[in-house]
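Descriptive analysis of the structure
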Amino acid sequence: MARPRRPARLTPFAALLPMALTAIVAYIGCALWTLRVSFTSSRTFASSQYVGLAQYERLFDNERWVLSLHNLALYGVLFIAACLVIGCLLAIFIDQNVTGEGVLRTIFLYPYAMSFVATGLVWQWMLTPGQGFPFDWIVDQDMVIYTVVIATVWQAAGLVMAMVLAGLRGVDPDLWKAARLDGIPAWRVYVSIVLPLLAPTLATVTLLLSTTVVKLFDAVVAMTQGGPGTASEVPAKFIMDHLFLRSNIGLASAGAMVMLAPVLAMLVPYAYARSRRVNR
Amino acid sequence: MSNVHLRQLSVTLGGKRVIEGLDLAIHDGEFLVLLGPSGCGKSTLLHSIAGLNDVSGGSIEIGGVDMVGVDPSQRGIGMVFQSYALYPTMTVAKNMSFGLRVAGLPKADIARRVARAAAMLHLEDLLDRKPAQLSGGQRQRVAIGRALVREASVFLFDEPLSNLDAKLRAELRRELKLLHQTLGSTMVYVTHDQVEALTLATRIVVMDGGKVQQIGTPGDVYDNPANLFVAGFLGAPAMNVVGGEIDGRGCFRAGAFTVPVAGTVAGAAAATSQPAILGVRPEHIHIDDLPGSARLQGTVALVEPMGNHQIVWIRCGEQLLSAIVQDARGFAANEAVSFGIDATRARLFDPQDGKALSLHAHQLHAVR
Amino acid sequence: MKVARVGIYAFLFSAALCFLLPLYVMLVTSVKSMDEIRQGSLFALPLALTFEPWRQAWSAVCTGAACEGVRAGFWNSVAIAIPSTIIPILLGAVNGYALSFWKPRGANVLFAVLLAGAFIPLQVMIYPLVRLLAAGGIFGSLPGIVLVHTIFGMPLLTLLFRNYYAGVPHELFQAARIDGGGFWRIFLQVMLPMSTPILVVAAIMQLTGVWNDYILGLVFAGREHLPMTVQLNNVINTTTGTRLYNVNMAATILTALVPLALYFLSGRWFVRGIAAGAVKG
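Tallying secondary structure elements over chain C gives 14 helices and zero strands in all. In chain C, the succession of helices and strands from N to C terminus is α-α-α-α-α-α-α-α-α-α-α-α-α-α. Here chain C holds 281 residues, and the buried ones make up 45% of them.

Below you can see the structure in the form of structure tokens.
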């Protein structure tokens, strides 16, 4: 069967010009620009004075920055683990042929339709000391990061549930029958057969959650403003503050590049694993 | 003992009565095929025997013990599904041993059983492979192996060959038949393909609309169909059916089409004048006469060459009949032919209820 | 078996209550008087319903210098959201179409870069973008914020459309080529009309994303066009004097209203959007 000859016309290329501009100029170009700035001594305005890695050194000497990294790491682990566990549990329970499935799904997923700002503000109000809950974590320096975890898990667990549920629906129903005949109890089927089958979906979900973690900004600004003091500082906020408020563009750029590193570290193996699977 | 006995079985699914008052005895060691079109209840029946459906009435005895309400894993059965349902992330060895490990059997026992099943099914070299790395035939054997290690006494098959292309289907069919000869276990097999039924079965149960139409050996159901449905379902091309009447003088008439039926199985019925339907298989219509058969005239409407035989469609009056010709004779369109019907192989049916007209009780669809 | 079923429903029911709790608190707080809030419990139903907080939130509350309520922010968000939904979707559709059917050389590499860019933290690109937009004279203006939303919305939308068009039989495209169609004609007259389901999904996802955005609006929208999310945060977190929690909650609901309404009205499409993203793997 002859395939139509692809004309040497430029139209498809021209049509993809916006995409090319975005990818090359906006993404790669800006990233390189920021990289360059991170090697300069720019403060309020850009300067072309190269200082090598000095900004990076200053960055890691900065207590607030180091604290923000610690916060993000702790937050990240808790957030991802809680979202995965809660999301999977919700999906598995809903998959048991429960009535009112549509209503339940709507209830668990609606928080995702809210902005992080709205979420942060509502939870800020709810966790205000003296109001509903008996603990005052939100003003406790050691515990405040956990309040951010709670608020954002509330927002994102529904998304995990929706994606895992979609995956569960794709499992061959004959597998369930075979397992019944083999006398395998339901929980064991999930653990040994279904969840391993869902590994690609779970990998995607984890990747999505991880990138959400790195970008954490809105919720912190709304909920705690990075406080009390700087106890709930996160890298994204540190960078934004230094870009606009404290006018230290060089330092902020160095911070941005440091944020980029873990994202690339996750993307590369993920992309590699996917291309291997597709090409097999 | 691995016989299965269904008494007055009723199954209701989704509010609909799918099976009603069904009796069936499956003998130890036989290969019983449940044959019928989609929706006839054969899969439901199989799932009920397995315990995957709830039963609303009657009993299912396996080895003499009523299994209604008993968990599927406790019934001594194994099942092979259309998709084989092998656990995709486990090796062949783990697939076969998973149920035993969950049941807590000692490791030595498990190893012994897996080795024995693997030897019987020629799976020894494949034990470390995952299902995605196996061929269709190998997957089928692993699915059977999974049932074997549980020392099942009855094997159930739910249309395992339906998803395969014709060549693979024929190959796996033969493997299954060989397997049955080797193992000698009781096997209950569901299919809508009459070729599979005829080649594999020791007995066939033809079903339609949740009811058993006929039980018999392949020869029985093919040569002596109990009703029009069975007659039409088995055999390809389908049996030729002509509506008409039996005159009181032992002849079937339909317009100019006359066949003496005094010598057929229909016996005494052939002597009474009544409306009837004549059924005759294409292989029993001979173009150019055979001594003793009725001579009829027609014209060739269409010829379908099939490689090792041809199907010739003959127009005779208002009828269009198919005949199988074994040699390579050429036929021109609209060529006049004379042909004969082997009346001893023709069958007569009652137009009111489709049942075969016969004196012999065992050829009707009553259940043993 | 029965016990297990009861356990399942119990778990799901309690989880549902936990998820609904903040919504309940938000609603309930927004219709109480400040006295009730001070004296009563967070979870109590209002004794005396009042919609005064809503009125205040909408038209009287102070954001920065002006005390016009979040009403201005609402219209700003509308002004931003409409072009920021339409333009990126059109571009995403054209991209997806070109990638799926025409496959120009090097396009897949570009697409991979685009997708990777979707994961990169915004902070890596904000400063250069500010400089670029300022150089183009559109920093802090409506076209500026729309351009930024387009840049950041492109990867996901292109992916959505590309996956969708991958499911359209290639023979359809070939038949159109044989019928003499060129790039734009086939797109406008064959593919786009067929794209209604994915257009709906894309519109919902992009609209929700743009409306709920905070950081881009904060940086690029300019003082006259601040979206509702930014104004909301200003209202609540930068007030001096007593905090009016009921007004704050009313303002929060007003800000979340559009996407929430969209969600509740179109739940199935929302889920489809997520599944479409998940299928990509």
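Read on for the rest.
Let's shift gears to the overall build of chain B. Broken down by element type, chain B carries eight helices and 20 strands. Oriented by its inertia axes, the alpha-carbon framework of chain B measures out at about 75 × 45 × 35 Å. The buried share among the 368 residues of chain B stands at 42%. Considering only residue pairs separated by 6 or more positions, chain B has 67% of its internal contacts joining residues 24 or more positions apart.

All right, on to the interface of chain A and chain B then. In this complex, chain A contributes 14 residues to the contact, which on the side of chain B involves 17 residues. When contributions to the side of chain A that touches chain B are tallied by element, the ones reaching two or more residues are helix H8 (173-181) and helix H9 (186-197) of chain A. The element best represented in the side of chain A that touches chain B is H8(A), accounting for six residues. Each residue belonging to the side of chain A that touches chain B can be placed in one class, and the counts come to seven nonpolar, one polar and six charged.

Moving on, we come to the sheet that holds strand E9 (residues 203-208) of chain B. Residue and element names in this part refer to chain B. If you walk across this open sheet you meet the six strands as E6-E7-E8-E3-E9-E10, and the pairing is mixed. Edge positions in the sheet fall to strand E6 (77-80) and strand E10 (211-216), since each has one partner strand and no second. Along the sheet, successive strands turn relative to each other by an average axial angle of 20 degrees, direction set aside. Both E6 and strand E7 (residues 154-158) contribute to a ladder of four bridges, which runs parallel. Counted as the bridge partner of Val80 is Phe157 from E7.

Residues and elements named next belong to chain B. For chain B, the assigned domains are domain 1 (4-229) and domain 2 (240-356). The distance between the C-alpha centroids of domain 1 and domain 2 comes to 39 Å. Taken together, the contact between domain 1 and domain 2 spans six residues of the former and seven residues of the latter.

With that settled, the discussion passes to the pairing of strand E2 (residues 16-26) of chain B. Residues and elements named next belong to chain B. Here strand E1 (residues 4-13) pairs with E2 via seven bridges, running antiparallel. Counted as the bridge partner of Thr12 is Arg17 from E2. In textbook terms, the turn of a hairpin is the stretch between consecutive antiparallel strands, and for E1 and E2 this stretch comprises two residues, one of which, Gly14, has a positive phi near 55 degrees.

What follows is about the arrangement of the chains. In this assembly two pairs of chains touch, with chains A and C having more contacts than any other pair. Chain B makes no contact with chain C; the smallest distance between any of their C-alpha atoms is 12 Å.

Before going further, it helps to spend a moment on the domain arrangement of chain C. All names here are of chain C. Split by domain assignment, chain C resolves into domain 1 (2-50) and domain 2 (71-279). Contacts between the two partners involve seven residues from domain 1, matched on the other side by seven residues from domain 2. Elements supplying a minimum of two residues to the side of domain 1 that touches domain 2: helix H1 (2-30) and helix H2 (34-39). Per element, the largest residue contribution to the side of domain 1 that touches domain 2 is four residues, and it comes from H1. For the side of domain 1 that touches domain 2, a count of residues per class yields four nonpolar, two polar and one charged.

Moving on, we come to the sheet that holds strand E14 (residues 274-280) of chain B. Residue and element names in this part refer to chain B. Taken together, five strands build an open sheet; the order of strands is E13-E12-E11-E14-E20 and the sheet is antiparallel. The open sheet has two edge strands with one neighbour each: strand E13 (257-260) and strand E20 (347-349). Going from strand to strand, the sheet's axes swing by 40 degrees on average, the running direction of each strand aside. Strand direction decides the pairing type here: strand E12 (residues 251-254) and E13, joined by four bridges, are antiparallel. Bridge pairing in E13 links Ala254 to Phe257.

The predicted coordinates ought not to be read in detail in places where the model reports low pLDDT. Residues and elements named next belong to chain B. With 92% of its residues at a pLDDT of at least 70, chain B reaches an overall mean of 86. The least confident element of chain B is E13, whose mean pLDDT is 75; the most confident is strand E3 (residues 31-35), at 96. Under a pLDDT of 50 for its full length, residues 359-368 has, in the predicted model, 19 contacts with residues more than four places off or in other chains.

Residue Pro237(B) is bonded to the preceding Ala236(B) through a cis peptide linkage, with omega at -5 degrees. Tracing the sequence through the fold places Pro237(B) in the loop between helix H8 (228-233) and strand E11 (240-247). Positive phi is not limited to glycine here, since Ala85(B) has a value of about 50 degrees. Inspection of the secondary structure puts Ala85(B) in the loop between E6 and helix H2 (92-103). When the 24 C-beta atoms within 10 Å are taken as the criterion, Ala85(B) is described as buried. Even without glycine at this site, Lys103(C) takes up a positive phi of about 45 degrees.

Among the nonpolar cores identified, the biggest contains 270 residues, and Val33(B), Leu156(B), Val188(B) and Val205(B) are the most heavily contacted of them. When residues in this core are grouped by element, the largest group, 16 residues, is from helix H7 (residues 144-169) of chain A. Residues contacting Leu156(B), with those up to four places away along its chain left out, are Leu46(B), Ile49(B), Ala50(B), Ile77(B), Met79(B) and Val188(B).

This next bit is on the packing of helix H4 (residues 63-94) of chain A against H7(A). In a pair of packed helices, the angle between the axes and the distance between the axes together describe the arrangement. Residues and elements named next belong to chain A. Contact geometry of H4 with H7 gives a least axis separation of 6 Å together with a crossing angle of 40 degrees. The angle between H4 and H7 places the two elements in the oblique class. The element H4 and its partner H7 pack so that their crossing is right-handed. Split into classes, the residues belonging to the contact of H4 with H7 amount to 23 nonpolar, three polar and no charged.

Since the α-helix turns once every 3.6 residues, residues separated by three or four places project in the same direction. Spanning 32 residues, helix H4 (residues 71-102) of chain C covers 46 Å between terminal C-alpha atoms, matching the ideal 46 Å at 1.5 Å per step. A positive backbone phi angle near 45 degrees is found at Lys103(C), which sits one or two residues after H4(C).

Burial analysis of helix H12 (residues 228-237) of chain C places eight of its ten residues in the buried class, the great majority of the element. Of the residues making up H12(C), those classed as buried are Met228(C), Thr229(C), Val230(C), Gln231(C), Leu232(C), Asn233(C), Val235(C) and Ile236(C). Taken together, the buried residues of H12(C) touch helix H6 (116-126) and helix H11 (218-223) of chain A together with H4, helix H10 (196-212), helix H11 (215-220) and helix H13 (245-265) of chain C.

Residue and element names in this part refer to chain C. The geometry of helix H7 (residues 142-166) relative to H10 is characterised by a closest axis approach of 11 Å and an angle of 155 degrees between their N-to-C directions. Relative to H10, the element H7 lies roughly antiparallel. Crossing of H7 against H10: the hand is right-handed. Residues His149, Gly153, Leu157, Leu160, Phe161 and Tyr164 of H7 touch H10, and the partners they reach there are Ile198, Val201, Ala202, Gln206, Gly209 and Val210. In the contact of H7 with H10, the residues fall into eight nonpolar, four polar and no charged.

Here the focus is the environment of Gly57(B). Residues and elements named next belong to chain B. Inspection of the secondary structure puts Gly57 in strand E4 (residues 57-62). Among the residues examined, Gly57 registers 16 C-beta atoms within 10 Å and is labelled partly exposed. Note: C-alpha distance between Gly57 and Gln8 (49 residues apart in sequence) is 7.1 Å.

Quick notes on the rules
- Residues numbered from 1 in each chain as written.
- Chains lettered and ligands numbered in written order.
- Predicted model: local features only at pLDDT ≥ 70, side-chain atom pairs only at ≥ 80, totals over all residues.
- Helix = DSSP H or I, 4+ residues; strand = E, 2+ residues; numbered from the N terminus.
- Buried ≥ 20, exposed ≤ 12 C-beta atoms within 10 Å, placed from the backbone.
- Contact = placed C-beta atoms within 7 Å.
- Nonpolar A, V, L, I, M, F, W, Y, C, P; charged D, E, K, R; others polar.
- Pairing = 2+ DSSP bridges.
- Axes fitted to C-alpha atoms, helices over the stretch in contact; angles between N-to-C directions.
- Domains from an automatic or database assignment.
- pLDDT = per-residue confidence, 0-100.
- Core = buried A, V, L, I, M, F, W, Y, C linked by C-beta atoms within 7 Å.
- Parallel < 35°, antiparallel > 145°, perpendicular 65-115°, else oblique.
- Left-handed = near helix turned anticlockwise from the far one by under 90°.
- Expected span 1.5 Å × (residues − 1).

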